[in-house]
Amino acid sequence: MNAITDKNTMADSAPANAIEMRGLTKIFGNDPQSALALLESGRSKTDVQAETGHVIGLNNVSLDVARSQIFVVMGLSGSGKSTLIRHVNRLIDPTAGEIIVDGVDVLKMSLEELRAFRRTKVAMVFQKFGLLPHRSVIDNVAYGLEVRGVGRKQRLETAEKWIETVGLKGYENSRIRQLSGGQQQRVGLARALSLDTDIILMDEAFSALDPLIRAGMQDELITLQKTLHKTILFITHDFDEALKIGDRIAVLKDGALVQEGKPEDIVLRPANEHIEEFVAQVNKARAIHVRSIMEKGDHEPCEQSVDMDARCEDVLPLFAEQQWVGVMDRDGRQVGRVTAKQVIKALARHTPGVP
């Protein structure tokens, strides 16, 4: 069996979920098991923390992250989102629960297995970039491959390819201090991509960037994902960012999972008042997908078309010259259409104060 066939066979037999978390609980303190017992007996997080002095970072969180999707975990500061993502590659060990990655229990890995897992299975992009200031751009991008033991010629060729992919061609020999914040974040993204891992963890990766640069990086990630099909676990405190890039969104509050679902599910059917506060002022056009409002069936082909995962904000500019826009499936076949009237009605229906 050749390498390509073998890889495809493994992909076909791989679990549908790239990451599974079951009952994940993290308690910070000297005696977490005693605090865990109180928590499991039904005591509130506030009571447990007041009585024991321990901090509840995560409280019985269970999530499934499907393969090849951007899964966003969001919440305010102290919600537990950064604590959660650090469990996937065991930068933090849980007090209780399971972490399964591609069908393998990460918590049962030996130290040697864990090192190999971190080098070959997952890559991480940090908010603070985590770049090496004494190295050039290309050597920063190639650093993970160097740690992996890849020869210099091969790792530099790989790094050069990803530097061009993220739009930094010509900066290969620049020093990190010579780059803007957005350019530095692109270096961090290229470094993660160069490892060619199936899973990328992004912890507030764009939060330190100026708004315009941040929007550009979000667009870059969406564009790259259309061809790379990575499994991306993305952490943010920005609800608009979550809506823009997320295939699915999970909302955490005080270490507990409050709601999980597609972006339009969160916006149109908030689970409680906490999430209602989040969605009150969000751009509904960013949340509603055309697949949920389109007319299905055969229609006259249109010069303008979008894929069925497009959002209303993607099609609105097209109505300047079109009465309607075709909707295509993943194979490029037109499966329906959406009109300007349908989009306007959908947005009005879910906007407070609009009859």
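Predicted model only: the values in this text are computed from it and were never measured.

A few words on the overall build of the protein chain. Counting its secondary structure elements, the protein chain contains 16 helices and 14 strands. When its C-alpha atoms are laid out on the principal axes, the protein chain stretches across 65 × 60 × 45 Å. Taken over 355 residues, the protein chain has a buried fraction of 49%. Taken together, the 45 basic and 49 acidic charged side chains of the protein chain have centroids lying 3 Å from each other.

Our next topic: the environment of His237. Position of His237 relative to the elements: it lies in the loop between β8 (231–236) and α11 (239–245). Those residues in contact with His237, other than ones at most four positions away along the chain, are Met74, Gly75, Lys81, Glu204 and Ser207. Polar side-chain contacts of His237 include one of 3.2 Å to the side chain of Glu204.

Another point: the confidence of the model for the protein chain. Averaged over every residue, the pLDDT of the protein chain is 88; residues scoring 70 or more account for 94%. For residues 1–7, every residue scores under 50 in pLDDT, and the model assigns this stretch two contacts once sequence neighbours within four places are set aside.

So, about helix α9 (residues 181–194). Along an α-helix, a turn takes 3.6 residues, which lines up residues three or four apart on a common side. Here α9 spans 20 Å end to end across 14 residues, near enough to the 20 Å set by a 1.5 Å rise per residue. With 13 of its 14 residues buried, α9 lies for the most part within the structure. At the C-terminal side of α9, Asp196 shows a positive phi close to 55°.

This part is about the packing of helix α8 (residues 152–165) against α9. Remark: α8 packs on α9, axes separated minimally by 9 Å, with the N-to-C direction vectors making an angle of 130°. As judged from the angle between their axes, α8 and α9 are oblique. The element α8 and its partner α9 pack so that their crossing is right-handed. Residues Thr158, Trp162 and Ile163 of α8 touch α9, and the partners they reach there are Ala190, Leu193 and Ser194. Considered class by class, the residues forming the contact of α8 with α9 number four nonpolar, two polar and no charged.

Here we come to the domain arrangement of the protein chain. Partitioning the protein chain into domains gives domain 1 (2–121 + 197–282) and domain 2 (287–348). Centre-to-centre, using C-alpha coordinates, domain 1 lies 31 Å away from domain 2. On the side of domain 2, five residues touch domain 1, which itself brings eight residues to the contact. When the buried surface of domain 1 facing domain 2 is broken down by residue, Leu243, Lys244 and Glu264 rank first, second and third, together holding 58% of it. The closest approach of N and O atoms between Arg291 and Glu264, which form a salt bridge, is 3.6 Å. Elements supplying a minimum of two residues to the side of domain 1 that touches domain 2: α11 and α12 (263–268). No other element matches α12, which puts four residues into the side of domain 1 that touches domain 2. The class makeup of the residues in the side of domain 1 that touches domain 2 is four nonpolar, one polar and three charged.

The biggest cluster of nonpolar side chains holds 49 residues, and the ones touching the most others in it are Val187, Met202, Phe206, Leu221, Phe234, Phe239 and Ile249. No other element matches the five residues that α9 contributes to this core. Other than its neighbours up to four places away in sequence, Val187 contacts Leu131, Val137, Asn140, Val141, Leu168, Ile176 and Leu179. Grouped together as the second largest cluster of nonpolar side chains are 27 residues, Val88, Val101, Phe117 and Val122 included.

Before going further, it helps to examine the packing of aromatic side chains. One pass over the full model with this rule turns up one aromatic pair. The ring centre of Phe28 lies 5.3 Å from the NZ or CZ of Lys26, which sits over that ring.

Criteria and thresholds
- Residues numbered from 1 in each chain as written.
- Predicted model: local features only at pLDDT ≥ 70, side-chain atom pairs only at ≥ 80, totals over all residues.
- Heavy atoms only, no water.
- Helix = DSSP H or I, 4+ residues; strand = E, 2+ residues; numbered from the N terminus.
- Buried < 20%, exposed > 50% of the residue type's maximum accessible area, 1.4 Å probe, protein only.
- Lys, Arg positive; Asp, Glu negative; His and termini not counted.
- Charge placed at Lys NZ, Arg CZ, Asp CG, Glu CD.
- Contact = heavy atoms within 4.5 Å.
- Polar contact = N/O pair within 3.5 Å; in protein donor to acceptor, adjacent residues only side chain to side chain.
- pLDDT = per-residue confidence, 0-100.
- Expected span 1.5 Å × (residues − 1).
- Axes fitted to C-alpha atoms, helices over the stretch in contact; angles between N-to-C directions.
- Parallel < 35°, antiparallel > 145°, perpendicular 65-115°, else oblique.
- Left-handed = near helix turned anticlockwise from the far one by under 90°.
- Nonpolar A, V, L, I, M, F, W, Y, C, P; charged D, E, K, R; others polar.
- Domains from an automatic or database assignment.
- Buried area = accessible area lost by both parts, 1.4 Å probe.
- Salt bridge = Lys/Arg side-chain N within 4 Å of Asp/Glu carboxyl O.
- Core = buried A, V, L, I, M, F, W, Y, C linked by side-chain atoms within 4.5 Å.
- Phe/Tyr/Trp six-rings, centres within 6.5 Å; stacked < 30°, edge-to-face > 60°.
- Lys NZ or Arg CZ within 6 Å of the ring centre and 35° of its normal.

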